[in-house]
Amino acid sequence: MTSPTFYSIRMRASAGGRHLSGAERLVTADRVARTAQELIERARGRGIDPDQVQVTVDSLRGLLIKNIQALDLTAFTALDMTQCRSASRQVLQAAGISLVAIENAFMLLDRGPAPSGNTMRGAMIMHAETGERLEPDQERGVRVSRFDWSSEAYAAIDRELTRIGLMHFRTREALSLASKVAHSPGVIAELCWSDDSDYSAGYVSSLSTGYVRFPFMKQSGRTSGGRAFFVKGKGFDRDALLSYLQKEPVIVSGIGSCRQNADLSVLLHNKTINRHV
Ligand code: COA
Ligand code: AMP
């Protein structure tokens, strides 16, 4: 039996030339029309009314679709930004990122990592030892695309995230994006917080630590944010990474564990943590 053709459906909404929101799905032919409609409704259902909504549908016929398992999720329960930032630095160190690279990433995400001082349209790629920037275009960055949950995994993760009180669609979408990134050729870990002024949560993720969510990575009301993908310096193949992140379709077809935790030492029990951060 041949497997069905999947389609990549991508929506982006803008107003006055400014990007407002985007979302994407991977679905079979019978669900293309309904999914496109859902994405258009979603674009219109957010704060500012867009004056342009663009939906692109591409057939993925002939392309191999990779199936992966979602990262385990730990929701770190902290009281404030100081606690979250300190804990997130420890998780990055435990994942093998140097202090220099960690501090550079935090400084850039706070300041606005694009050379113009604004947020980027995608993620930075950063050398995990030296903190050097490796993405081809520092205003744009790299945007992860062509990924989705399978229907079964979507239902299961929705149930699990709801159980631990994480109902926001952003967590579900960020977890699938981070799971694709963690399975990339060359990426050791990711650091992210949103540029949305109403959303201060962020995460650190890697294959070794899973996805660790922090509720307060920036002060509420601030519009700075972004993503850093930390890569191994030695033998790093940038073209292979860009092709995987941007073009290769990935379905997250299994979920990991989801739990809340206020004690980092449980999460990092078998890692060496430098506590002088
Ligand atoms: N911020 C700013 N501008 C953006 C943007 C973003 N996040 N995404 C797209 N644009 C604008 C840019 O001008 C871009 O041109 P560029 O390539 O020079 O930067 C242009 O739209 C075309 O982008 P492209 O990625 O080619 O469009 P697309 O229609 O194929 O896909 C998205 C658009 C938004 C669906 C896709 O890029 C994406 O981000 N997918 C992941 C969505 C998601 O699940 N995010 C979860 C985050 S928690
Ligand atoms: P968001 O999680 O949508 O608030 O996005 C936070 C930041 O991540 C943005 O400011 C961009 O720098 C970056 N970003 C947005 N979309 C993507 C993507 N598809 N892949 C990688 N980085 C992205």
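Our subject is the structure listed above.
K.L.:
Would you mind going over the overall build of the protein with me for this structure?
P.N.:
When helices and strands are tallied, the protein shows seven helices and 13 strands. The C-alpha radius of gyration of the protein comes to 18 Å, within 12% of the 19 Å expected for a compact globule of 277 residues. In terms of its C-alpha atoms, the protein occupies a principal-axis envelope of roughly 55 × 45 × 40 Å. When the 277 residues of the protein are sorted by exposure, 50% land in the buried category. Accessible surface for the protein amounts to roughly 13,300 Å². Of this, 49% is attributable to carbon and sulfur atoms. For the protein, the distance from the average position of its 35 positive side-chain charges to the average position of its 29 negative side-chain charges is 1 Å.

K.L.:
Would you mind going over the sheet that holds strand E4 (residues 66-69) with me for this structure?
P.N.:
Think of a sheet as strands paired side by side through backbone hydrogen bonds, with each pair either parallel or antiparallel. Ordered in space as E4-E12-E7, the three strands form an open sheet in which the pairing is parallel. Each edge of the sheet is formed by a strand with only one pairing partner; in this case those strands are E4 and strand E7 (147-149). Recorded for the sheet is a direction-independent mean angle of 30° between the axes of neighbouring strands. In the sheet, E4 pairs with strand E12 (residues 250-254) via four bridges, with the strands oriented parallel. Among the inter-strand pairings, Lys66 is bridged to a residue of E12, identified as Val250. Contacts between helix H4 (residues 151-163) and the sheet are confined to E7 and E12, with E7 contributing the most and set at about 65° to the helix.

K.L.:
Can you help me understand the side chain of Ser179 in this one?
P.N.:
Relative to the helices and strands, Ser179 is located in helix H5 (residues 169-182). Judged by relative accessible area, which is 0%, Ser179 ranks as buried. Setting aside residues up to four positions removed in sequence, Ser179 forms contacts with Ile68, Gln69, Ala70 and Leu71.

K.L.:
It is not clear to me how the site of ligand 2 should be interpreted in this structure. Could you clarify?
P.N.:
Residues in contact with ligand 2, as listed here, are Met120, Gly122, Ala123, Val142, Arg143, Val144, Arg170, Leu177, Ser194, Asp195, Gly226 and Arg227. A distance of 2.8 Å separates an oxygen atom of ligand 2 from a polar backbone atom of Gly122. Interatomic distance of 2.8 Å between a backbone N/O atom of Val144 and a nitrogen atom of ligand 2. Look at ligand 2: alone it shows 480 Å² of surface, and the protein chains cover 80% of it. If you list the elements that add at least two residues to the shell around ligand 2, you get H5 and strand E11 (226-231). For the shell around ligand 2, the per-class residue count stands at five nonpolar, three polar and four charged.

K.L.:
Is there a simple way to think about the pattern of salt bridges in this case?
P.N.:
Pairing between side chains becomes possible if they bear opposite charge and their charged atoms approach one another. In the structure shown here, the tally under the stated rule is eleven salt bridges. A salt bridge links Glu103 to Arg89, with the shortest nitrogen-to-oxygen separation between them at 2.8 Å. Taken together, the positions of Glu103 in helix H3 (residues 99-111) and Arg89 in helix H2 (residues 81-94) put the pair 14 residues apart, joining distant regions of the chain. Overall, Glu103 belongs to the partly exposed group, its relative accessible area being 34%. For Arg163, the salt bridge is made with Glu160, and the minimal N-O distance between the two is 2.7 Å. Of the two residues, Arg163 and Glu160 both sit in helix H4, three residues apart, roughly one turn of that helix. If you follow the salt bridges from partner to partner, you end up with Arg10, Asp58 and Arg146 in one network.

K.L.:
Honestly, the state of the cysteines in this entry has me stumped. Any pointers?
P.N.:
Two cysteines form a disulfide when their sulfur atoms are joined by a covalent bond. Overall, the coordinates contain zero disulfides when judged by the stated rule. In this structure Cys84 is a free cysteine whose sulfur lies 14 Å from that of Cys192, the closest cysteine sulfur available. A residue is classified by how much of its surface remains accessible, and Cys84, at 0% relative accessible area, is buried. Note on Cys258: no disulfide assigned, nearest cysteine sulfur contributed by Cys192 at a separation of 17 Å. Take Cys258: its relative accessible area is 6%, and that puts it in the buried class.

What counts, and where the lines are drawn
Per chain, the residues get numbers from 1 upward, laid out in the order the sequence is written. Here the convention is simple: chains get letters from A, ligands get numbers from 1, in the order in which they are written. pLDDT decides what is reported in this predicted model: residues at 70 or higher carry local features, side-chain atom pairs at 80 or more are listed and counted, and totals for whole chains, interfaces and linings draw on all residues regardless. Only hydrogens and water are set aside when side-chain values are computed; all heavy atoms of the structure are taken into account. Each helix is a run of H or I in the DSSP string that is no shorter than four residues. Each strand is a run of E no shorter than two, and both are numbered from the N terminus. Each radius of gyration reported is based on C-alpha atoms, and the globular scaling rule is 2.2 Å times the count of residues to the power 0.38. Only protein chains enter the accessibility calculation, which uses a 1.4 Å probe; a residue whose area is less than 20% of its type maximum is buried, one above 50% is exposed, and one in between is partly exposed. Residue exposure ignores everything except the shown protein chains as possible cover, and the areas themselves are Shrake-Rupley values with a 1.4 Å probe. In this tally Asp and Glu are treated as negative and Lys and Arg as positive; neither His nor the chain ends contributes. Where a charge lies is defined by one atom per residue type: Lys uses NZ, Arg uses CZ, Asp uses CG and Glu uses CD. Here, strands pair whenever DSSP counts at least two bridges between them. Lines fitted to C-alpha atoms define the axes here, with helix axes fitted over just the stretch in contact, and angles between the N-to-C directions of these axes take values from 0 to 180 degrees. Pairs of residues are marked as contacts when any of their non-hydrogen atoms sit within 4.5 Å. Near, as used in this document, describes a residue that has one of its heavy atoms within 4 Å of the molecule or strand being considered. N or O atoms within 3.5 Å of each other form a polar contact, as long as, within protein, one can give a hydrogen and the other can take it, and as long as residues adjacent in sequence are counted only when both atoms are side-chain atoms. Under this grouping Gly is polar, as are all residues other than the nonpolar Ala, Val, Leu, Ile, Met, Phe, Trp, Tyr, Cys and Pro and the charged Asp, Glu, Lys and Arg. By salt bridge we mean one thing: a side-chain nitrogen of Lys or Arg within 4 Å of a carboxyl oxygen of Asp or Glu. Cysteine sulfur atoms are paired as a disulfide whenever they fall within 2.5 Å.

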